[in-house]
Amino acid sequence: MSQNCDQSQCSSCQSNCSQRKVSLKEPANKQSHIKKIISIMSGKGGVGKSSMTACIAVALQQKGYRVGILDGDITGPSIPKAFGVTQKAVGNANTIDCVKTKTGISIMSANLMLDTEDMPVIWRGPVIAGAVKQFWTDVAWGELDVLLIDMPPGTGDVPLTVFQTIPLDGVIIVTTPQDLVSLIVKKSYHMAEKMSVPICGIIENMSYMVCPDCGKKLYPFGQSKLYQVAGEMKMDILAQLPIQPDIAALCDEGNIEQKDVSFLEEAVEKIIEKIKLS
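Below is a short write-up of the structure. (Residues numbered from 1 in each chain as written. Predicted model: local features only at pLDDT ≥ 70, side-chain atom pairs only at ≥ 80, totals over all residues. Heavy atoms only, no water.)

Before going further, it helps to spend a moment on the overall build of the chain. Helix and strand content of the chain: eight helices and 11 strands. Here the C-alpha atoms of the chain give a radius of gyration of 19 Å, agreeing with the 19 Å that 2.2 N^0.38 yields for 278 residues. When its C-alpha atoms are laid out on the principal axes, the chain stretches across 70 × 45 × 40 Å. Buried positions account for 49% of the 278 residues belonging to the chain. In the chain, once contacts between residues fewer than 6 apart in sequence are set aside, the share between residues at least 24 apart is 77%. Carbon and sulfur atoms provide 51% of the accessible area of the chain, an area that totals close to 13900 Å². Across the chain, 27 positive and 29 negative side-chain charges occur, with their mean positions spaced 6 Å apart. (Helix = DSSP H or I, 4+ residues; strand = E, 2+ residues; numbered from the N terminus. Rg over C-alpha atoms; globule rule 2.2 N^0.38 Å. Buried < 20%, exposed > 50% of the residue type's maximum accessible area, 1.4 Å probe, protein only. Contact = heavy atoms within 4.5 Å. Areas by Shrake-Rupley, 256 points an atom, 1.4 Å probe, with all protein chains shown as cover. Lys, Arg positive; Asp, Glu negative; His and termini not counted. Charge placed at Lys NZ, Arg CZ, Asp CG, Glu CD.)

Grouped together as the largest cluster of nonpolar side chains are 85 residues, with contacts concentrated most on Leu60, Phe83, Leu148, Phe163, Ile172 and Ile256. At eight residues, the largest contribution of residues to this core is made by helix H1 (residues 49-62). Aside from chain neighbours lying at most four places away, what touches Leu60 is Tyr65, Val67, Val146, Leu148, Val268 and Ile272. (Core = buried A, V, L, I, M, F, W, Y, C linked by side-chain atoms within 4.5 Å.)

Let us now look at the packing of aromatic side chains. This model, assessed by the stated rule, comprises one aromatic pair. Above the plane of the ring of Tyr208 lies Lys217, whose end atom (NZ or CZ) is 4.3 Å from the centre. (Phe/Tyr/Trp six-rings, centres within 6.5 Å; stacked < 30°, edge-to-face > 60°. Lys NZ or Arg CZ within 6 Å of the ring centre and 35° of its normal.)

Below, the discussion takes up helix H8 (residues 265-274). Each turn of an α-helix holds 3.6 residues, which means side chains three or four residues apart point in the same direction. Among the residues of H8, Ala267, Val268, Ile271 and Ile272 are the ones counted as buried. For H8, the arc enclosing every buried residue in end-on projection is 135°, short of the 170-degree limit, so these residues lie on one face. Facing away from the buried side of H8 by more than 90 degrees, the exposed set consists of Glu266 and Glu273. Residue Lys276 follows H8 closely and has a positive phi angle near 55°. (Arc of directions from axis to C-beta.)

Taken N-terminus to C-terminus, the directions of helix H3 (residues 125-137) and helix H4 (residues 157-165) make an angle of 35°; their axes are 9 Å apart at the nearest point. When the axes of H3 and H4 are compared, the crossing they make is right-handed. Two secondary-structure elements touch here, H3 through Gly125, Pro126, Ile128, Ala129, Val132, Lys133 and Trp136 and H4 through Asp157, Val158, Thr161, Val162 and Thr165. (Axes fitted to C-alpha atoms, helices over the stretch in contact; angles between N-to-C directions. Left-handed = near helix turned anticlockwise from the far one by under 90°.)

The phi dihedral of Ser196 is positive, around 60°, even though this residue is not glycine. Although it is not a glycine, Lys276 sits at a positive phi angle of roughly 55°. Mapped onto the elements of the fold, Lys276 is located in the segment after H8.

Relative to the elements of secondary structure, Thr95 occurs in the loop between helix H2 (79-83) and strand E3 (96-97). When its relative accessible area of 11% is taken as the criterion, Thr95 is described as buried. Other than its neighbours up to four places away in sequence, Thr95 contacts Asn29, Gln31, Asp138 and Ala140.

The structure is reproduced here in C-alpha cells:
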C-alpha cells in the first residue's frame, strides 16, 4: 500500500494491496426491488425506537410510498404486535414471503416465524446477526420505495451486520433527553460515521409532556440537551416529540396504523429530502 493511500479509492485501484477494502454487501433477494433503505437505531433500549419506526412507516405509507419494515430486533421483536399481525410468514427453500399489515405495509420479523409470539429466541450473537442478514437476502420484499430497518439497541453484532451487508441510504437516531442517552447517541453517531453511512438526523422522543390543565410544557426527564448534542455532532434535528401515551396504547392493541401521524410531517419531509426519495 502506498504511504499516502487513504483506502478511499480501493474499488478502482490497480495495486495488489493487502489492505484493499473488500465490500461485504450482500445482494437482496431476486424478488426484492427496493429504492431506499433506512435503519432506525438507538444506543439503548426504552427510547421508543420501534414505535417511531412504526409511525414513520405509517406516515410514509400515507404519503403514497410503498413501505416495508425489517424487524432487526430478533430477541425482542415488537413490530408485528404494533401492527396487530399474527399471520405466520411462509416460503420455500429459497424465499420467504413477507407479511402485509392492514394498510399494506410489508413486514418481516422473528415473531412471524415462531410457533407462539411469546416463545423466547435463545441464540448467540452471530446466529442472531445471521438471521437479520437472511431477512435481507431471503425475503421477497417485492416493489418497495422505502425499507425501514428497526435495529436492536446498541452497537453490537446486528447493527454491525446491517451496516456491513445492507446498502443503507441513511440512519435515523432516536433518543430521549437524559444525559446518559446523550452520551450513547454519540456512540451511535460515531458507529455510523466509521461505517460510512449517512445520518439523516436525530429524533428526540419523550422530550416533554404537556399539562392537560394549563398547557405548560413539563420535562420529566430533565431539560433537553438536544441542540447541544446535535450541534457537536453536526446532526440535523428531525423532531423533538412529546410523551404520547396513546402510541403505546395503540401498539399494545395492534392498531398503530390508526395513529394520527401528522406530528411527524416535518420530520418525514426532511427524511425524504435526505435520502432523495422520488
